[in-house]
Amino acid sequence: EQYRAAVESVSVLFRLCDDTGEQVPSGWTVTGTSFEVEWPKDPQKASLIRSHFGARRVAYNWALAKVKSDMDAKQKNADHLSTSWTLEALRKQWNQEKNEVAPWWGENSKEAYSSGIADLVQALSGWSDSKNGRRRGRKVGFARFKSKRKDQNRVRFMTGAMRFEEDRRSIVLPTIGALRSKENTRRIQRHLAKNNARLLNCTLSERWGRLFVSCQVAVRTNVTSSRTPSKPNVRAGVDLGLRSLATIADSDGNIEVFPNPAPLRTTLTERRRVGRALSRRIPGSNGYRRAKAKLDRKSVYIRRESIHQLTRYLVDNYGEVHIEDLNLAAMRQSMGRRAFRRSVSDAGLGGFRPTLTYKAKRAGVTVVVVDRFFPSSQIHHDCSGRLMGAKLAKRLTCETCDVEVDRDANAGLNIRDWSVTSPGLVEASALFVPRPLSGTGGSSDDGLTYHLERGCKTSSNAGRTRRGKNDSWTSEHENLVKGASL
Ligand SMILES: [Zn+2]
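Not measured: the values here are computed from a predicted model.

Turning our attention to the overall build of the protein chain. When its secondary structure is counted, the protein chain shows 16 helices and 15 strands. When each of the 486 residues of the protein chain is scored for burial, the buried share is 46%. In the structure as shown, the protein chain presents an accessible area of about 26100 Å², 50% of it carried by carbon and sulfur atoms.

Laid out in structure tokens, this is it:
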């Protein structure tokens, strides 16, 4: 027992560093945390930080050039011995060549070069996985050289003297030394001090001209506060929306509406002014960056905050949460970039599912993801009739029973009652025979179910091919009925 902490922590480090990241031993959980730190007043230290950013880029570009020249040589001569695309092999090669490539290498931590090479290895494996069908989602292109203008300044430290100081203000990084956090580091420092957490790695990055240190930490599960939901037997259905951030329908019959923060919209006039200023500046220049940074930062923080509030509310209250499988790529395609940016990006919907998932896991809440093709806002919850209404209408009318319902609340109820094994809705609608719709586009759905119409084209979900816009809902329903009868 005396050595337990040490043995456990070593094994945690060991297993996490073997690149899988999945094998966290029981009793431990890996979490991330991020602090904004001040740019050092000492100009030498500040330039040392910039030097690290540059060093990472140099190593990345060097390794990419190496890989490319190997590929070319291999094409000409099949016997050519290429460096393999692993961190170890490339790092070894770097150590042999660094005196010629970067005679100044000693100025920076070796982690800076290692971090660049590791990033390239990841990019290459992403490309080859995508090419060989081992990776889902959008196709990944081949790695490209990083330019100072476009690449985000960052560097990751995996080993070396990294620590959170007792004063709960300073974060120490290898070679660079102490950086002063703008925020108290208590939330992680107290666990580290008591040996209940291990620092796995730290990333120093620059965004909006500001410096951030983000760390991956393995924490003993018994010290992470895990609140259990107040209503463990209540199930909630969440309809994410653009009109309001979310509409929650729970199995007690309550409907809760989370308003949209719409950070970009509220700052739209300000954005216009900034936009005019930007047009006079050179993209990528310091002036451009400064002009853009403030507004961007503001909206990112508002988004993040609203998603945190919503997910916290859900896991603090419900034992089971049903959510939609939003196809953001398809929504972006069908809405156009501008509209998408102003509504979906604005609400930060992309961050909802990952945030909810990790919080739910900690609190023991079940998350059920509803089938992507479930037409949650096209079926009347009470009678399973087809809902009619204008494209962005807030209220819809049921074709069968002529009742007017709130679109979001109705969708929330449908999502709440959806289940993989017994789609309750379909059972209830066994007698309902859907008929093909007339060709008016007016009854199609808005943002929430865009995936019904255009998502099909991008979806890799085999066997679920959508035909035209008009019969999409019908075949949808048929599929569900078929599923239920089986
Ligand atoms: Zn109805």
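On we go from here.
The next thing to look at is the sheet that holds strand S6 (residues 197-207). On the basis of which strands lie adjacent, the open sheet formed by four strands has the order S1-S7-S6-S2 and antiparallel pairing. Strands with a single pairing partner mark the edges of an open sheet, and in this sheet they are strand S1 (28-37) and strand S2 (154-157). Neighbour-to-neighbour, the strand axes of this sheet turn through a mean angle of 15 degrees, independent of strand direction. Here S2 runs beside S6; their pairing, made up of four bridges, is antiparallel. Each bridged residue has a counterpart across the sheet, and for valine 155 the counterpart in S6 is leucine 204.

In this section: the coordination of the zinc ion. Around the zinc ion, the protein supplies His380 (ND1), Cys383 (SG), Cys398 (SG) and Cys401 (SG) as donor atoms, at distances of 1.9 to 2.3 Å. Along the chain, the residues that donate to the zinc ion are spaced as H-x2-C-x14-C-x2-C.

Let us now look at the pattern of salt bridges. In the structure shown here, the tally under the stated rule is 16 salt bridges. Measuring nitrogen to oxygen at the nearest pair gives 3.8 Å for the salt bridge that ties arginine 180 to glutamate 38. Taken together, the positions of arginine 180 in strand S5 (residues 177-180) and glutamate 38 in the loop between S1 and helix H2 (43-76) put the pair 142 residues apart, joining distant regions of the chain. Given the relative accessible area of 43%, arginine 180 is considered partly exposed. Classification of glutamate 38 by relative accessible area gives partly exposed; the value is 29%. Of the charged contacts in the structure, one is a salt bridge between arginine 312 and aspartate 316, with a shortest N-O distance of 3.1 Å. Taken together, the residues span about one helical turn, with arginine 312 and aspartate 316 both in helix H8 (residues 286-317) at a distance of four residues.

Along helix H12 (residues 407-417), ten of the eleven residues are buried, which leaves the element largely enclosed by surrounding structure. Within the sequence span of H12, burial applies to Arg407, Asp408, Ala409, Asn410, Ala411, Gly412, Leu413, Asn414, Ile415 and Arg416. In this structure aspartate 406 caps H12, since a side-chain oxygen of it lies 3.1 Å from the backbone nitrogen of aspartate 408.

Before going further, it helps to examine the packing of helix H3 (residues 87-101) against helix H4 (residues 110-131). Packing of H3 against H4 brings their axes to within 10 Å, and their N-to-C directions diverge by 135 degrees. It follows that H3 is oblique to H4 by the angle criterion. The handedness of the crossing between H3 and H4 comes out as right-handed. Touching Leu87, Leu90, Arg91 and Trp94 of H3 are Tyr113, Ser114, Ile117, Ala118 and Val121, all from H4. By residue class, the composition of the contact of H3 with H4 is seven nonpolar, one polar and one charged.

This part is about the nonpolar core. Of all hydrophobic cores here, the largest spans 40 residues; its most connected members are Leu204 and Val213. No other element matches H2, which puts nine residues into this core. Once residues within four sequence positions are removed from consideration, valine 213 is found in contact with Thr33, Ser34, Phe35, Val37, Ile171, Leu173, Leu179, Cys202, Thr203 and Leu204. Grouped together as the second largest cluster of nonpolar side chains are 23 residues, Leu242, Ala246, Ile248 and Leu326 included.

To continue, consider the sheet that holds strand S10 (residues 255-258). Note: strands within a sheet are paired through backbone hydrogen bonds, in either parallel or antiparallel orientation. Across the sheet, which stays open at both edges, the five strands sit in the order S10-S9-S8-S11-S12 with mixed pairing between neighbours. Because the sheet does not close on itself, it has two edges, and the strands there are S10 and strand S12 (366-370). Across the sheet, the mean angle from the axis of one strand to that of its neighbour is 25 degrees, orientation sign disregarded. Here H12 sits on the sheet and contacts strand S8 (231-240), strand S9 (246-250), S10, strand S11 (318-324) and S12; the angle it forms with S8, its principal contact strand, is near 130 degrees.

Moving on: the packing of aromatic side chains. By the definition in use, this model includes ten aromatic pairs. With a centroid separation of 4.8 Å and an interplanar angle of 90 degrees, the aromatic rings of tryptophan 127 and phenylalanine 142 are classed as edge-to-face. Taken together, the residues tryptophan 127 in helix H4 and phenylalanine 142 in the loop between H4 and S2 connect sequence positions 15 residues apart. The buried category is assigned to tryptophan 127, whose relative accessible area is 16%. For phenylalanine 142, a relative accessible area of 25% gives the class partly exposed. An aromatic cluster of at least three residues, connected via ring pairs, comprises Trp62, Trp94, Trp104 and Tyr113. Above the face of the tryptophan 105 ring, lysine 98 is positioned so that its terminal group lies 3.7 Å from the ring centre. Directly above the ring of tyrosine 60 sits lysine 146, whose terminal nitrogen or CZ lies 4.4 Å from the centroid.

So, about unusual backbone geometry. Notably, threonine 175 is not glycine yet its phi reads approximately 60 degrees, a positive angle. Topologically, threonine 175 is positioned in the loop between strand S4 (170-173) and S5. Threonine 175 sits in the partly exposed class, given a relative accessible area of 48%. At tryptophan 208, a residue that is not glycine, the phi angle is positive and equals roughly 50 degrees. Relative to the helices and strands, tryptophan 208 resides in the loop between S6 and strand S7 (210-220). The exposure class assigned to tryptophan 208 is buried, which follows from its relative accessible area of 14%.

Moving on to the confidence of the model for the protein chain. With 74% of its residues at a pLDDT of at least 70, the protein chain reaches an overall mean of 74. This model gives residues 11-21 a pLDDT under 50, and the stretch forms 15 contacts once residues within four places in sequence are excluded. pLDDT under 50 marks residues 422-486. Its contacts with residues more than four places away, or in other chains, come to 106 contacts.

What counts as what
Residues numbered from 1 in each chain as written. Predicted model: local features only at pLDDT ≥ 70, side-chain atom pairs only at ≥ 80, totals over all residues. Heavy atoms only, no water. Helix = DSSP H or I, 4+ residues; strand = E, 2+ residues; numbered from the N terminus. Buried < 20%, exposed > 50% of the residue type's maximum accessible area, 1.4 Å probe, protein only. Areas by Shrake-Rupley, 256 points an atom, 1.4 Å probe, with all protein chains shown as cover. Pairing = 2+ DSSP bridges. Axes fitted to C-alpha atoms, helices over the stretch in contact; angles between N-to-C directions. Donors = N, O, S within 2.8 Å, 3.2 Å for Na, K, Ca; no water. Salt bridge = Lys/Arg side-chain N within 4 Å of Asp/Glu carboxyl O. Polar contact = N/O pair within 3.5 Å; in protein donor to acceptor, adjacent residues only side chain to side chain. Parallel < 35°, antiparallel > 145°, perpendicular 65-115°, else oblique. Left-handed = near helix turned anticlockwise from the far one by under 90°. Contact = heavy atoms within 4.5 Å. Nonpolar A, V, L, I, M, F, W, Y, C, P; charged D, E, K, R; others polar. Core = buried A, V, L, I, M, F, W, Y, C linked by side-chain atoms within 4.5 Å. Phe/Tyr/Trp six-rings, centres within 6.5 Å; stacked < 30°, edge-to-face > 60°. Lys NZ or Arg CZ within 6 Å of the ring centre and 35° of its normal. pLDDT = per-residue confidence, 0-100.

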